[in-house]
Amino acid sequence: MDRVSAFDEPLKKLLGGPTAKVMAEHLDLHTVGDLLHHYPRRYEERGRLTALTDLPLDEHVTVVAQVEDARVMMFNGGRGKRLEVTLGDGHGRLQLVFFGHGVHKPHKELLPGRRAMFAGKVSVFNRKMQLAHPTYQLLDAGADDEAGATEAVDAFAGKLLPIYPACKQLDSWRIAKAVDTVLPSAQEAVDPLPAALREGRGFTSLPEALLKIHRPQTKADVAAARDRLKWDEAFVLQVALARRRYADTQLPAVARRPVPGGLLDAFDAKLPFTLTDGQLKVSKEIFDDLATEHPMHRLLQGEVGSGKTMVALRAMLAVVDAGGQAAMLAPTEVLAQQHHRSITEMMGELAEGGMLGGSDQGTKVVVLTGSMGMAGRRQALLDLVTGEAGIVIGTHALIEDKVQFHDLGLVVVDEQHRFGVEQRDALRSKGKQPPHLLVMTATPIPRTVAMTVFGDLETSVLDQLPAGRSPIASHVVPAKDKPHFLSRAWERVREEVENGHQAYVVCPRIGDDEDDAKKKGSGKKKAADEEGDKRPPLAVLEIAEQLAKGPLAGLRIEVLHGRMHPDDKDDVMRRFAAGQVDVLVATTVIEVGVNVPNATAMVIMDADRFGVSQLHQLRGRVGRGSAPGLCLLVSEAHEASPARARLSAVAATLDGFELSRIDLEQRREGDVLGQAQSGVRSSLRVLSVIDDEEVIAAAREEAVTVVAADPDLEHLPELRLALDALLDKDREEYLDKG
């Protein structure tokens, strides 16, 4: 076998068809290399018992424990048999149960004092944790007498027992046996780290690291292996990103410099406020990028309400000054219309170029969405192709083939994570040369995630709120434990309205028949943390009706959700913005970009059904004017549940970066890197985007140095090989994230 093919060998050749099939279908492991990179999740010290006190409910677990008691119980008048086994570890107890014909073997083997490894799904019966029909492996098997048993345990003790990520069909120890079969192939591992880097940082070799991660003798072995393998993951990914950034610097673009005395200067002169230092600093970074002859690729992340739209608008005006056009891509029609409204209001007569009463220095600002009437659409398309419109704001309708630009110079993408790669690239391909790109997000991203997920973009951060923004008070309302708190919440909404303000009520669901049918059709709803989840999530249409008849009777209440006709949605938003609606009951369609400074209160129903960053986004819709904001998080979740802890964290801080860290710690990292890593065959295994900031930052620096010296990695064939393994060969563009 040559060095490359050992890792590409299909598992079915070495392990047999049935095992290989389970590994492929349930663990996504297909080759020897896949299995060698399927690392243990943790290690048991064989001489020590595992803690049984905090097993996660409904999860497949592996525990090492000692049998304390085993008894056969009869039921159904003696027709049925049940074996109940009690395990202990000195801290807690766990019940095992076997039924029917399945009791014979464990009854003979699971004798008091025996130690074994058990795997199964944790459930609760009679308020006790239990594993029903677990698989098990005796750890002192073959020891017939007491002395022999002690000897076997002693021989066993001190060694580290790897516990692998497993599935119902394949236990951890069966995976361990399969790893034993393929482990000799670790010697064939091709080392991606350049020799100088490896030696300079004192890393163990890759074959040795693979051996130590799977079969460590000591904890030091595990630490050395993890350190090395973390570096591989971080470095290979950062090299891929650095090559992407390098390739972008080689593309041609038209430099776009603002013209003195032009549209941008005229706009700045009529601003009724001064820009924050943060806005000026970020604007300078953007203008410097726009002035170069290769495309800008910049991520602008800023807190909700930090003035990102203002920064983006000034960049668009600079490009129009320089003779180009700018396009802003918004994820929803509501947001596209909102941006169009706020931008034309900010620009005034400067947005009416070529129109009666418009400014000589002005340009035309058009909107383009899928639901527009034919006449309006035809006119917008004409304005774009002739160059009459300098700025266009639209949804993915901008991407359609029919849409042609006169000279597209800048693409601004709002809320990056809602667009796929292909959509972003399709819009960029409409320029004569690649246009500059500015990506905006109001979801604060920890630095490590920015370096990993958005590593092909330079990052600018707006963390200063403009003057005149008000603080937002947030509180959790425990509707189940303290119903009077919910009554008080509706009183607070009424008080805000009586003081001349407006309010939002947000629900997770729309609640018409189609919605309910969809819920039933989708089958299993992912179980969340609480028993309260047995009822369907609260719905906009039902809550709006209850409020209108009950606690908010007499107020002007309207609904807004994604299945309304776009004209109706726009009409409701216009009237809400104009103060003609007191309370807007909506889905998360209002999550991003909706700007009504007079709205001061928000009640989020079933708040535990939303993610941390989503709650933060929603809350950012209030407190946008001079009056303080109020956000009430209504939940039936139990006080001690993870869901309530999440809500308390949101209520405790307005710092989006702090919340994004909490969010990241509470979700599995795979969810965070999820779609951004589409095209990657395997996501991170030992590298943690929460804990390994230093590793990622150092790997990024090394990667930049390596790529600058050898962009095509001609002198580093092993690294090139590792890149090919990481990326789908057809789609290296996946790094231009969506």
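Everything below is about the structure shown above.
Small disclaimer: the values here were computed from a predicted structure and weren't measured. (Residues numbered from 1 in each chain as written. Predicted model: local features only at pLDDT ≥ 70, side-chain atom pairs only at ≥ 80, totals over all residues. Heavy atoms only, no water.)

> Hey, could you run me through the overall build of the chain in this one?
On a plain count of helices and strands, the chain comes out with 27 helices and 21 strands. Within the span of the chain, comprising 738 residues, buried residues form 53% of the whole. Sequence separation of 24 or more characterises 74% of the internal contacts of the chain that already satisfy a separation of 6 or more. Here the chain displays about 33100 Å² of accessible surface, and carbon together with sulfur accounts for 51% of that area. (Helix = DSSP H or I, 4+ residues; strand = E, 2+ residues; numbered from the N terminus. Buried < 20%, exposed > 50% of the residue type's maximum accessible area, 1.4 Å probe, protein only. Contact = heavy atoms within 4.5 Å. Areas by Shrake-Rupley, 256 points an atom, 1.4 Å probe, with all protein chains shown as cover.)

> I keep staring at the packing of helix α14 (residues 333–347) against helix α21 (residues 566–577) and nothing clicks. Help me out?
The relative placement of two packed helices comes down to the angle between their axes together with the axis-to-axis distance. Two elements in contact, α14 and α21, have axes whose closest approach is 10 Å; the angle formed by their N-to-C orientations is 45 degrees. Considering their axes alone, α14 and α21 lie oblique with respect to each other. As α14 runs across α21, the sense of the crossing is right-handed. Along the contact surface, α14 presents Glu-333, Val-334, Gln-337, Gln-338 and Arg-341, while α21 presents Pro-566, Lys-569, Asp-570, Met-573 and Arg-574. Looking at the contact of α14 with α21 residue by residue, the class counts come to 3 nonpolar, 2 polar and 5 charged. (Axes fitted to C-alpha atoms, helices over the stretch in contact; angles between N-to-C directions. Parallel < 35°, antiparallel > 145°, perpendicular 65-115°, else oblique. Left-handed = near helix turned anticlockwise from the far one by under 90°. Nonpolar A, V, L, I, M, F, W, Y, C, P; charged D, E, K, R; others polar.)

> Looking at this model, I keep getting lost on the sheet that holds strand β10 (residues 325–329). Mind explaining?
Within a sheet, each strand pairs with its neighbour through backbone hydrogen bonds, oriented either parallel or antiparallel. A sheet is described by the order of its strands in space; here 7 strands give the open sequence β11-β12-β10-β13-β14-β9-β15, paired in parallel fashion. At either margin of the open sheet sits one strand with a lone partner, and together these are β11 (364–368) and β15 (458–462). Taken pair by pair, the neighbouring strands of this sheet meet at an average axis angle of 20 degrees, ignoring direction. Pairing between β10 and strand β12 (residues 389–394): 4 bridges, direction parallel. By the bridge assignment for β12, Ala-326 is matched with Ile-391. (Pairing = 2+ DSSP bridges.)

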